[in-house]
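These are the residues of each chain, in order.
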Amino acid sequence: MNLEHYLRDLELRFDAEQRLALEAETREAARAEYSRISLQERLAPLLGERVLLCAADGQHYHGQLAALGNGWLQVLGESYSAVVPAHSILWWESSEDVGRSDVRVGRYRMGFSVMLRAYSASRQVVTLSLYGTPGAQVAEMSGYIARVGADFLELLPVQPAGAELYGSSRASRRSVRIIPLGGIAAIVSSSAL
């Protein structure tokens, strides 16, 4: 083997090793960058698309991803609108495999309490699905959101016809249920806001 061929072979091997090292470094940088993407940012490219979402109440919400805010999302089903806090999402599925280039870092300013205040202003009857204890059934209650505090809401329950609260002496007064926001698994209404 002559010296020129030997040096050329070494040079080709060196170039190949450098190329492999650069490719590995690029893949690692891409993985590190993707690890900084939040759930909201991952969902953003799916706005307007159909999704299947499982919330902490065990319910599956299937429909169009209609809105995405800071800490919540809205799914429009055939006969309902479900607002699900981000902390309540167990998993979701979509028909779209969003590429990394489609995921954009962004700010979602409208927080969960803003969405709740919109429900309060609309005077729309909503059904709250609340977290239960492990092994217990999930609690659901329907009513109007009266007011929204920093970390709670006040719900005016919808009473079945002829139902009394706390006995007949208090039947004419409406009760108010105070619900911590962290206990809400989903909010379901018959229509979108």
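As the structure is a computational prediction, the values presented were derived from the model and not from experiment.

Core analysis: the largest hydrophobic core is formed by 19 residues, its most contacted members being Leu128, Leu153 and Ile187. The biggest single contributor to this core is helix H3 (residues 112-122), with four residues. Filtering out sequence-adjacent residues up to four positions away, Leu128 remains in contact with Ala139, Glu140, Met141, Leu153, Leu155, Ile179, Ala186 and Ile187. Core analysis: the second largest hydrophobic core is formed by 14 residues, Leu53, Val75, Val84 and Ala186 among them.

With that settled, consider helix H1 (residues 3-34). Given a rise of 1.5 Å per residue, 32 residues ought to cover 46 Å, and the 47 Å separating the end C-alpha atoms of H1 matches this to within 8%. Where H1 begins, one side-chain oxygen reaches toward the backbone nitrogen of Glu4, 2.7 Å away; that side chain belongs to Asn2.

This part takes up the sheet that holds strand S7 (residues 139-148). The sheet built from ten strands is open, its strands ordered S5-S1-S2-S3-S4-S10-S6-S7-S8-S9 with antiparallel pairing. Sheet topology places strand S5 (89-94) and strand S9 (177-180) at the edges, where each strand pairs with a single neighbour. Each strand axis lies, on average, 40 degrees off the axis of its neighbour in the sheet, ignoring direction. Relative to S5, strand S1 (residues 50-55) is paired through five bridges, and the arrangement is antiparallel. When the bridges of S5 are listed, Cys54 appears paired with Trp91. Where H3 meets the sheet, its contacts fall on strand S3 (72-76), strand S4 (81-85), strand S6 (126-130), S7, strand S8 (152-157) and strand S10 (184-189), and the angle it forms with S7 comes to roughly 90 degrees.

Definitions and cut-offs
Residues numbered from 1 in each chain as written. Predicted model: local features only at pLDDT ≥ 70, side-chain atom pairs only at ≥ 80, totals over all residues. Heavy atoms only, no water. Core = buried A, V, L, I, M, F, W, Y, C linked by side-chain atoms within 4.5 Å. Buried < 20%, exposed > 50% of the residue type's maximum accessible area, 1.4 Å probe, protein only. Helix = DSSP H or I, 4+ residues; strand = E, 2+ residues; numbered from the N terminus. Contact = heavy atoms within 4.5 Å. Expected span 1.5 Å × (residues − 1). Polar contact = N/O pair within 3.5 Å; in protein donor to acceptor, adjacent residues only side chain to side chain. Pairing = 2+ DSSP bridges. Axes fitted to C-alpha atoms, helices over the stretch in contact; angles between N-to-C directions.

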